[in-house]
Amino acid sequence: MGLSNTQRTLRALEQQGYLSGIVEKFNPYAKVRVDLFNFIDIISIKPCGICAIQSCGSDFQEHDRKILKNEYAPEWIKAGGAIELWGWRKVKKKRGGKLKIWAPRLKIYKLEDFK
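Being a predicted model, the structure only gives us computed values, none of them experimental. (Residues numbered from 1 in each chain as written. Predicted model: local features only at pLDDT ≥ 70, side-chain atom pairs only at ≥ 80, totals over all residues. Heavy atoms only, no water.)

**Things to note about the overall build of the protein**
Thinking step 1. Across its full length, the protein holds three helices and seven strands.
Thinking step 2. Start at the N end of the protein and walk to the C end: the helices and strands fall as α-β-β-β-β-β-α-α-β-β.
Thinking step 3. On C-alpha atoms alone, the protein measures out to a radius of gyration of 15 Å, which is about the 13 Å that the 2.2 N^0.38 rule sets for 115 residues.
Thinking step 4. Considering only C-alpha atoms, the protein reaches an extent of 45 × 35 × 25 Å along its principal axes.
Thinking step 5. Here the protein, with 115 residues, has 37% of them falling under the buried criterion.
Thinking step 6. Within the protein, contacts between residues at least 6 apart in sequence are counted, and of these 51% link residues at least 24 apart.
Thinking step 7. In the structure as shown, the protein presents an accessible area of about 7,700 Å², 53% of it carried by carbon and sulfur atoms.
Thinking step 8. With 22 positive and 12 negative side-chain charges, the protein shows a spacing of 11 Å between the two charge centroids. (Helix = DSSP H or I, 4+ residues; strand = E, 2+ residues; numbered from the N terminus. Rg over C-alpha atoms; globule rule 2.2 N^0.38 Å. Buried < 20%, exposed > 50% of the residue type's maximum accessible area, 1.4 Å probe, protein only. Contact = heavy atoms within 4.5 Å. Areas by Shrake-Rupley, 256 points an atom, 1.4 Å probe, with all protein chains shown as cover. Lys, Arg positive; Asp, Glu negative; His and termini not counted. Charge placed at Lys NZ, Arg CZ, Asp CG, Glu CD.)

Listed below in structure tokens is the structure:
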């Protein structure tokens, strides 16, 4: 079994030299994962400040809509935080080649995205 999308994101952030931690929790009674403020899986300290990160797989559009509809997300940005969506998928390492590697699709949100 491979790494989860959250673990891939944590590894990538660590390789970039950022301090990060998981803030989503597992609710054993409901058997579901619960995100902080219903959209944050990871919080990372970056040069731009504190960053809320949602990590996912191929369901990028669904998570994008989830963030845009979230009432707390614009408040997070107003308070000086950043929001990023990392969607992991396999892509060819070299054009025309066969080897595939995991790579993130990244979206950075701005306050204007929520209007």
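Structure shown, so let's carry the discussion forward.
**Quick notes on the pattern of salt bridges**
Thinking step 1. Evaluation of the coordinates by the stated rule reveals four salt bridges.
Thinking step 2. The salt bridge partner of glutamate 84 is lysine 46, with a shortest N-O separation of 3.0 Å. One end of the pair, glutamate 84, is in strand β6 (residues 82–92); the other, lysine 46, is in strand β4 (residues 42–46), with 38 residues separating them in the sequence.
Thinking step 3. Residues aspartate 64 and lysine 107 are paired through a salt bridge, measuring 2.8 Å at the closest nitrogen-oxygen approach. Highlighted residues: aspartate 64 in helix α2 (residues 60–69) and lysine 107 in strand β7 (residues 100–109), separated in sequence by 43 residues. (Salt bridge = Lys/Arg side-chain N within 4 Å of Asp/Glu carboxyl O.)

**Here we look at the sheet that holds strand β5 (residues 49–56)**
Thinking step 1. The mixed open sheet is built from five strands, whose spatial order is β1-β4-β5-β6-β7. Where the open sheet ends on each side, the last strands, each with one partner, are β1 (19–22) and β7. Mean inter-strand twist for the sheet, computed between neighbouring axes without regard to direction, equals 30°.
Thinking step 2. Where β5 and β6 come together, six bridges link them in parallel fashion. Each residue of the ladder has a partner; that of alanine 52, found in β6, is isoleucine 83.
Thinking step 3. Those strands touched by helix α1 (residues 5–15) are β1, β4, β5, β6 and β7, and its axis lies near 105° from that of β6. (Pairing = 2+ DSSP bridges. Axes fitted to C-alpha atoms, helices over the stretch in contact; angles between N-to-C directions.)

**Quick look at the pairing of β5**
Thinking step 1. Of all eight residues in β5, six are buried; the element is thus mostly enclosed.
Thinking step 2. The sheet contact formed by β4 and β5 spans five bridges and is antiparallel. Looking at β5, one finds that isoleucine 45 is bridged to isoleucine 50.
Thinking step 3. Linkage of β4 to β5, two consecutive antiparallel strands, is achieved through a turn of two residues.

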